[in-house]
Amino acid sequence: MICATKYDFFGGYDHAAQGGFVHVADRHIAPGKKQWTWGNHPFGYAWDRELTDNSGPYIELMAGVYTDNQPDFTYLLPYETKTFSQYWWPYQKIGVPQNANREAAVRFAEGEVGVAVSRPMKGAKIRVMRGGKVVKEIEVDLSPERPWIAAVGEAGRAASTRPPNTAVSGGLDEAAEYGGFIETALPGGCCCAC
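In this report, we go over the structure that sits alongside the text. (Residues numbered from 1 in each chain as written. Predicted model: local features only at pLDDT ≥ 70, side-chain atom pairs only at ≥ 80, totals over all residues. Heavy atoms only, no water.)

**What about the nonpolar core?**
Nonpolar side chains tend to gather and get buried jointly when the protein is soluble and globular.
So, point 1. If you look at the biggest cluster of nonpolar residues, it comprises 15 residues, and the most contacted ones within it are Val-113, Val-115, Val-117, Ile-126, Leu-142 and Trp-148.
So, point 2. Every element with two or more residues in this core is listed here: strand S7 (104-109), strand S8 (112-117), strand S9 (121-130), strand S10 (133-142) and strand S11 (148-151).
So, point 3. Among the elements that line this core, the one with the most residues is S9, at four residues.
So, point 4. One finds Trp-89, Tyr-91, Ala-100 and Ala-116 within the second-largest nonpolar core, a separate group that totals 11 residues. (Core = buried A, V, L, I, M, F, W, Y, C linked by side-chain atoms within 4.5 Å. Buried < 20%, exposed > 50% of the residue type's maximum accessible area, 1.4 Å probe, protein only. Helix = DSSP H or I, 4+ residues; strand = E, 2+ residues; numbered from the N terminus.)

In structure tokens:
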């Protein structure tokens, strides 16, 4: 189970298939997230065979808001209403992101930046910064089918282990935080900062 997360997203990534998913929800309202498996023993292997096309392995990804733990059977009172939003979206090729929101996922690793989006974005501006200095800035058309991946050069490979800040803007309606840096609303909107 994932508890006390610092960000409003979690996900999974299959390195062999180069694809994954992102789940986004307000972590203060939707704290529950987990991966479930039947285990690696004969009982679990039997479920792998029943629940998959190729006899396993099998895993369930779960998230929710009504309770902090599945065995907690909390009931709604008469006329009581609870509302929440959560978003699931697939992405590809960028690897495991360090940050994501409803519309973009961002990854920085070994001098390379990857950006995947949940919807097409024409003219998205990507700015990679380190120490307040712009390392790379580009305007690019993004789509779920075409993530953006690029080397950021030696400036991105500084001795610091902290990744550079990456801001993506393209008419998006929310901001995300990573590494102590937060990008607030910019003209045209802000998607993700890390």
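**Concerning the environment of Ala-104**
So, point 1. Looking at the secondary structure, you find Ala-104 in strand S7.
So, point 2. Classification of Ala-104 as buried rests on a relative accessible area of 0%.
So, point 3. Residues Ala-104 and Arg-119, spaced 15 residues apart in sequence, show a C-alpha to C-alpha distance of 8.5 Å.

**Brief notes about the sheet that holds strand S6 (residues 99-100)**
So, point 1. The four strands are arranged S6-S7-S8-S11 in an open sheet whose pairing can be described as antiparallel. Looking at strand neighbours, the two that pair on one side only are S6 and S11, the edges of this open sheet.
So, point 2. Here S8 pairs with S11 via four bridges, running antiparallel. Counterpart to Glu-112 in the pairing with S11 is Ala-151. (Pairing = 2+ DSSP bridges.)

**Considerations on the pairing of S10**
So, point 1. Here eight bridges tie S9 to S10, and the two strands are oriented antiparallel to one another. In the sheet register, Ile-126 faces S10, and the bridge partner there is Ile-138.
So, point 2. In this antiparallel pair of consecutive strands, S9 and S10, the connection spans two residues, and Gly-131 shows a positive phi of 60°.

**Details of the sheet that holds strand S5 (residues 87-92)**
So, point 1. Taken together, three strands build an open sheet; the order of strands is S1-S2-S5 and the sheet is antiparallel. Both edges of this open sheet fall to strand S1 (9-14) and S5, since each of them pairs with a single strand only. Between one strand axis and the next, the sheet turns by 20° as a mean value, whatever way the strands run.
So, point 2. Pairing between S1 and strand S2 (residues 19-24): six bridges, direction antiparallel. Bridged to Phe-10 within S2 is His-23. (Axes fitted to C-alpha atoms, helices over the stretch in contact; angles between N-to-C directions.)

**As for unusual backbone geometry**
So, point 1. Unlike most non-glycine residues, Gln-18 shows phi in positive territory, near 55°.
So, point 2. With respect to the helices, strands and loops of the structure, Gln-18 is situated in the loop between S1 and S2.
So, point 3. For Lys-93, which is not glycine, the phi dihedral falls at a positive 70°.
So, point 4. Take Lys-93: its relative accessible area is 44%, and that puts it in the partly exposed class.

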